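Breakdown of the fold
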Amino acid sequence: MGRLSELFAPDTVGVIGATDREGAVGRAILENLRDEFSGEVVPVNPSHDTVLGIDAYPDVKSAPALDLAVVVVPPPVVLETLRELGESGTEHVVVITAGFAETGGEGADRERELREIAAEYDLNIVGPNSLGVMSTPVDLNATFGPEGALDGSISFMSQSGAFITAVLDWANEQGIGFQDVVSLGNKTVLDETDFVREWGDDPETDVVIGYLEDIDAGDEFIRTAREVTDDTPIVLVKSGRTDAGAQAASSHTGAIAGSERAYEAGLEQAGVLRANSVQELFDAARALSGLPEPDTDGVAVVTNAGGPGVLTTDAVGDSTLGMAEFSDETIAALTETMPDEANVYNPIDAIGDADTDRFGDALELALDDPNVGSAVVVSAPTAVIEYDELAEVVIEKCEEFDKPVVTCMMGGERARNAESVLREFGIPNYFDPARAVGGLDALARYRDIRDRTADDPERFDVDRERAREILERVERRDDNRLGIESMELLEAYGIPTPPGEIVDDPARAREVAEGIDGDVVMKIVSPDITHKSDIGGVKVGVSDDEVYDAYEDVVARARNYQPDATILGVQVQAMLDLEETTETIVGMNRDPQFGPLLLFGLGGIFVEILEDTSVRVAPIGERGAREMIDEIRAAPLLRGARGREPAATDAIVETIQRLSQLVTDFPAILELDVNPLVAGPDGVQAIDLRLTVDTEELR
């Protein structure tokens with residue numbers, strides 16, 4: 001265990017604010033500790049000599065040394081109590097008391113001071129506004145919940161105390177046990193990353209699960225979870241999905257890559273399995289806490305009922321798994337063993353009169369097939385099948401072949417005893433075949449997470465000082481936006497751009513055009529005009545003789561469209577041959593939790609219409625950049641679909657990585673779009689640029 005070991009294994013627990021008043025939280029906590037905890041319980045209350053028959057102390061100073069303090073005093077007294085605990089040498093504190101940042105301004109001030117006190121005395125504080133903590137190895141129930149937890153190997157954190165009480169009530173009925181349980185509360189000091197790190201170091205925790213409404217310091221969470229998931233799976237329900245972040249954004253990337261996509265990308269990169277419901281959360285946890293990982297994705301289904309067998313097959317099709325294709329030897333053996341009416345292909349239908357022996361024979365032959373990585377046993381109740389006996393057979397075959405097997409013994413009370421027996425051997429039983437497959441799917445997904453190789457970001461040789469000079473131009477602007485007039489920023493980081501220049505008079509435009517081979521493209525340059533093409537602010541295929549008039553025309557159109565717009569000039573740029581190219585977008589939106597969120601997708605005018613994009617949290621390496629390209633629906637266009645010459649994907653990969661380095665090097669960049677990034681057989685060219693800069697961060 002790590003630095004929080006005494007939080008979960010204290011010898012002495014003090015309840016600061018213990019009381020014998022009926023209905024009081026301080027009484028409920030003390031009762032839970034008194035009735036269950038194997039160590040010493042110390043009530044602290046200045047008005048009582050004893051509380052619930054236990055000797056009490058008037059203050060922290062007079063009490064014995066405490067390994068863990070549970071604070072349940074009124075909000076104005078909490079801060080003073082924490083100072084006393086810090087002076088006494090107590091390191092671990094659970095603040096049950098509410099009335100902090102969740103209540104508004106005064107509470108927020110109180111919470112800031114709590115954080116300062118914690119830093120001053122190096123206190124590990126859970127909460128405030130917490131239900132408390134539990135740890136079954138020492139029978140610790142330092143909560144005011146009505147239920148304790150059963151013993152188990154799942155460690156559980158929740159941002160909602162009410163969620164914990166509901167889950168424990170259900171889990172106790174289902175026979176699901178826990179190692180540690182933590183109500184995170186306001187997460188003022190200790191947050192989800194601290195507990196992921198702690199439980200990752202705990203050999204008794206097989207699975208970490210959680211209910212979270214947000215994640216503090218997402219970049220640190222990703223780094224920590226990546227390390228932990230090498231040995232311990234993490235499954236989370238993340239609630240509070242919102243488009244608020246996207247609505248507040250001003251760039252293409254910001255609008256598409258909103259808060260929810262940041263969580264999707266961040267949790268995926270962290271190696272976290274994300275559940276969409278409480279049911280999914282525990283279905284995955286039950287499989288991950290007791291079963292071996294499958295060697296292959298092939299699933300065998302053994303059933304005595306055609307309908308449930310089809311349902312199971314459909315569920316496999318909806319998952320990342322696949323129905324195993326039996327070898328000829330397996331099919332021959334099943335044909336010899338099963339009745340003529342049986343289906344010996346996958347799913348194996350042993351038909352309605354199948355007894356335990358027939359189930360056992362079918363399961364053994366299926367698990368012996370090298371194409372089978374896991375199996376689902378689906379049984380409807382009949383007069384010839386005893387679920388208790390079937391459970392014993394499943395346990396025997398699972399141990400013999402060391403492959404994961406889950407069961408779906410359909411029915412009510414008839415299945416309860418068998419379910420209990422299976423649970424002792426780590427084999428979950430599910431009523432719904434789809435849930436059984438979901439458990440196996442979690443095993444396979446976690447296996448893939450463990451098999452991932454490290455993908456460290458590459459550091460390119462760039463001109464960082466030149467980039468800073470360009471970004472600092474924003475300090476001379478009326479707003480915090482930069483546009484194509486700052487294309488040198490991309491050049492400083494090695495991202496190719498076409499030859500060209502921004503000019504402020506038509507004569508100079510003609511000179512620049514004459515220095516470029518072939519016709520040119522001319523664009524209005526204004527931080528206030530986003531969709532230049534829509535207002536006629538772009539001219540394509542302009543010859544040298546047409547440059548003067550084209551300059552006057554795009555400026556006039558911009559003035560007519562938005563008279564108060566700031567016009568910085570007109571960009572004269574070499575015109576690219578777009579016949580064999582694809583317009584893509586690379587961009588970044590800085591998420592408040594996870595930091596720089598990279599985006600790649602189909603660009604040009606299609607980016608907002610199709611939203612065919614992929615996202616990652618920067619920094620990323622080569623593998624992550626390639627995955628971003630492969631994930632978009634338009635990827636075949638880049639690979640050369642329908643006779644097209646393939647684009648230079650290596651150049652796109654390098655560009656994404658260089659952009660990743662740029663936005664990591666400069667936290668002042670809040671949003672950035674390179675749209676389009678034209679990708680062709682000979683490489684890439686960045687055609688347009690928009691970015692938003694935090695001027696305070698530049699200083």
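In this text the structure is predicted, and so the values were computed from the model without any measurement. (Residues numbered from 1 in each chain as written. Predicted model: local features only at pLDDT ≥ 70, side-chain atom pairs only at ≥ 80, totals over all residues. Heavy atoms only, no water.)

**Brief notes about the overall build of the chain**
Rules: In DSSP terms, a helix is any run of H or I states spanning at least four residues, a strand is any run of E spanning at least two, and both are numbered starting from the N terminus. Only protein chains enter the accessibility calculation, which uses a 1.4 Å probe; a residue whose area is less than 20% of its type maximum is buried, one above 50% is exposed, and one in between is partly exposed. The criterion used for residue contact is that any of the two residues' heavy atoms lie within 4.5 Å. For the area figures, the Shrake-Rupley method with a 1.4 Å probe applies, and any residue is considered shielded solely by the protein chains shown. When charges are counted, Lys and Arg are positive and Asp and Glu negative, with His and the chain ends excluded. The atoms used to mark charge sites are NZ of Lys, CZ of Arg, CG of Asp and CD of Glu.
In terms of regular secondary structure, the chain is built from 26 helices and 30 strands. Over its C-alpha atoms, taken along the principal directions, the chain stretches across nearly 95 × 80 × 40 Å. Among the 699 residues that make up the chain, the fraction classed as buried is 55%. Summarising the internal contacts of the chain: among those between residues at least 6 apart in sequence, 71% fall at separations of at least 24. Only carbon and sulfur atoms are counted for the fraction: they give 44% of the accessible area of the chain, which is about 28,900 Å². Side-chain charges in the chain split into 55 positive and 139 negative, and the spacing between the mean points of these groups amounts to 7 Å.

**Topic: the packing of aromatic side chains**
Our working rule: Note on aromatic pairs: the rings of Phe, Tyr and Trp (six-membered ring only in Trp) are paired at centre separations within 6.5 Å, and the planes decide the class, stacked below 30 degrees, edge-to-face beyond 60, tilted for the rest. Here, a charge over a ring is recorded when the distance from Lys NZ or Arg CZ to the ring centre is within 6 Å and its angle to the ring normal is within 35 degrees.
Summed over all chains, the structure comprises 11 aromatic pairs. Residues Tyr263 and Phe594 carry aromatic rings whose centres are separated by 5.1 Å and whose planes lie at 90° to one another, so their mutual orientation is edge-to-face. Of the two residues, Tyr263 sits in helix α10 (residues 259–269) while Phe594 sits in the loop between β25 (582–591) and β26 (595–602), which places them 331 residues apart along the sequence. The class for Tyr263 is buried, based on a relative accessible area of 3%. The class for Phe594 is buried, based on a relative accessible area of 1%. Here the aromatic residues Phe156, Phe163, Trp170, Phe178, Tyr211 and Phe282 are joined through ring pairs into a cluster of three or more. It is Arg110 that lies over the ring of Phe100; its NZ or CZ is 5.8 Å from the centre.

**Overview of the packing of helix α6 (residues 192–200) against helix α7 (residues 218–228)**
How we decide: All axes are obtained by fitting lines to C-alpha atoms, using only the stretch in contact for helices, and the reported angles, taken between N-to-C directions, cover 0 to 180 degrees. Oblique is the label for any angle not under 35 degrees, not over 145, and not in the 65 to 115 range, which are roughly parallel, roughly antiparallel and roughly perpendicular in turn. Here is the rule for handedness: rotate from the far helix to the near one, and if that takes an anticlockwise turn smaller than a right angle the crossing is left-handed, while a clockwise turn gives right-handed. Here the nonpolar group is Ala, Val, Leu, Ile, Met, Phe, Trp, Tyr, Cys and Pro; Asp, Glu, Lys and Arg are the charged ones; every other residue, Gly included, is treated as polar.
At a minimum axis distance of 9 Å, the contact between α6 and α7 shows a crossing angle of 15°. Considering the angle they form, α6 stands roughly parallel to α7. Between α6 and α7 lies a crossing of left-handed hand. Judged by residue contacts, Glu192, Thr193, Val196, Arg197 and Gly200 of α6 engage Glu220, Phe221, Thr224, Ala225 and Val228 from α7. Among the residues forming the contact of α6 with α7, the class breakdown is 4 nonpolar, 3 polar and 3 charged.

**A closer look at the sheet that holds strand β12 (residues 207–212)**
We count it as follows: Note: two strands are recorded as paired if DSSP finds a minimum of 2 bridges between them.
In spatial order, the strands read β9-β8-β11-β10-β12-β13-β14; together these 7 strands make up an open sheet with mixed pairing. Pairing within the sheet leaves two strands with one partner each, and these edge strands are β9 (140–143) and β14 (273–275). Neighbour to neighbour, the strand axes of the sheet diverge by 25° on average, direction disregarded. By the bridge criterion, 5 bridges tie strand β10 (residues 150–158) to β12 in an arrangement that is parallel.

**Focus: the sheet that holds strand β1 (residues 12–16)**
Spatially, the 5 strands line up as an open sheet ordered β2-β1-β5-β6-β7, and their pairing is parallel. A strand with exactly one partner marks an edge of an open sheet, and here the two such strands are β2 (40–44) and β7 (124–126). Strand-to-strand twist across the sheet, computed as the mean angle between neighbouring axes with direction ignored, equals 20°. As defined by bridge partners, β1 adjoins strand β5 (residues 68–71) across 4 bridges and the pair is classed as parallel. Looking across to β5, one finds that Val15 is bridged to Val70.

**Quick notes on the environment of Val44**
Assignment of secondary structure puts Val44 in strand β2. Exposure remark for Val44: the relative accessible area of 5% places this residue in the buried category. Expressed as a C-alpha distance, the spacing of Val44 and Val15, which sit 29 residues apart in the sequence, is 5.9 Å. Not counting residues up to four positions away in its chain, the partners in contact with Val44 are Val15, Ile16, Gly17, Ala18, Tyr57, Pro58, Asp59, Val60 and Ala63.

**Some thoughts on the nonpolar core**
The condition is simple: The term nonpolar core refers to a set of buried residues drawn from Ala, Val, Leu, Ile, Met, Phe, Trp, Tyr and Cys, joined through side-chain atoms within 4.5 Å.
Core analysis: the largest hydrophobic core is formed by 80 residues, its most contacted members being Phe178, Ile209, Val235 and Leu288. A per-element tally of this core places helix α17 (residues 433–451) first, with 8 residues. Excluding residues that lie within four positions of it along the chain, Val235 makes contacts with Val207, Val208, Ile209, Gly210, Leu273, Ala275, Leu281, Ala284 and Leu288. Judged by nonpolar contacts, the second largest core, of 53 residues, contains Leu33, Leu140, Phe195 and Leu267.

**Regarding the confidence of the model for the chain**
We apply this condition: On a scale of 0 to 100, pLDDT captures the predictor's confidence in every residue.
Residue-level pLDDT values for the chain average 93, and 96% of them are 70 or greater. Segment residues 244–255 is flagged for pLDDT under 50; beyond a separation of four residues in sequence, or across chains, it makes 30 contacts in the model.

**Regarding the pattern of salt bridges**
Rules: We count a salt bridge whenever a side-chain nitrogen from Lys or Arg sits within 4 Å of a carboxyl oxygen from Asp or Glu.
Under the criterion given, the structure shown has 47 salt bridges. Two residues, Asp109 and Arg112, come together in a salt bridge whose shortest N-O distance is 1.9 Å. Taken together, the residues span about one helical turn, with Asp109 and Arg112 both in helix α4 (residues 105–121) at a distance of 3 residues. Relative accessible area serves as the criterion here: at 43%, Asp109 is assigned to the partly exposed category. Arg639 serves as the salt-bridge partner of Asp630, at 3.4 Å between the closest nitrogen and oxygen.

**Quick word on a negative patch on the surface**
This is how it is decided: Note on patches: the residues involved have over 30% relative accessible area and no salt bridge, like charges join within 9 Å, and the nonpolar side chains Val, Leu, Ile, Met, Phe, Trp and Tyr join within 5 Å.
Residues Asp355, Asp357, Asp361, Glu386, Asp388, Glu389 and Glu392 make up a contiguous surface patch of negative charge. Those elements that provide at least two residues to the negative patch are α14 (356–367) and α15 (387–401). Ranked by residues supplied to the negative patch, first place goes to α15 with 3 residues. Residue position: Asp357 is located in helix α14.

**Some words on the environment of Gly23**
Relative to the elements of secondary structure, Gly23 occurs in the loop between β1 and α2 (25–36). Looking at Gly23, the relative accessible area reads 75%, which means it is exposed. Separated by 275 residues in the primary sequence, Gly23 and Gly298 have C-alpha atoms spaced 55 Å apart.

**What to know about the pairing of strand β29 (residues 683–686)**
The pairing of strand β28 (residues 669–680) with β29 spans 4 bridges and is antiparallel. The residue of β29 that forms the bridge with Ala679 is Val684. In sequence, β28 turns back onto β29 through a hairpin of 2 residues.

**Topic: the pairing of strand β30 (residues 689–693)**
Burial analysis of β30 places 5 of its 5 residues in the buried class, the great majority of the element. Of the two faces of β30, the one holding Leu689, Leu691 and Val693 and the one holding Arg690 and Thr692 are both buried throughout. Here 5 bridges tie β28 to β30, and the two strands are oriented antiparallel to one another. Paired with Glu671 across the strands is Thr692, a residue of β30.

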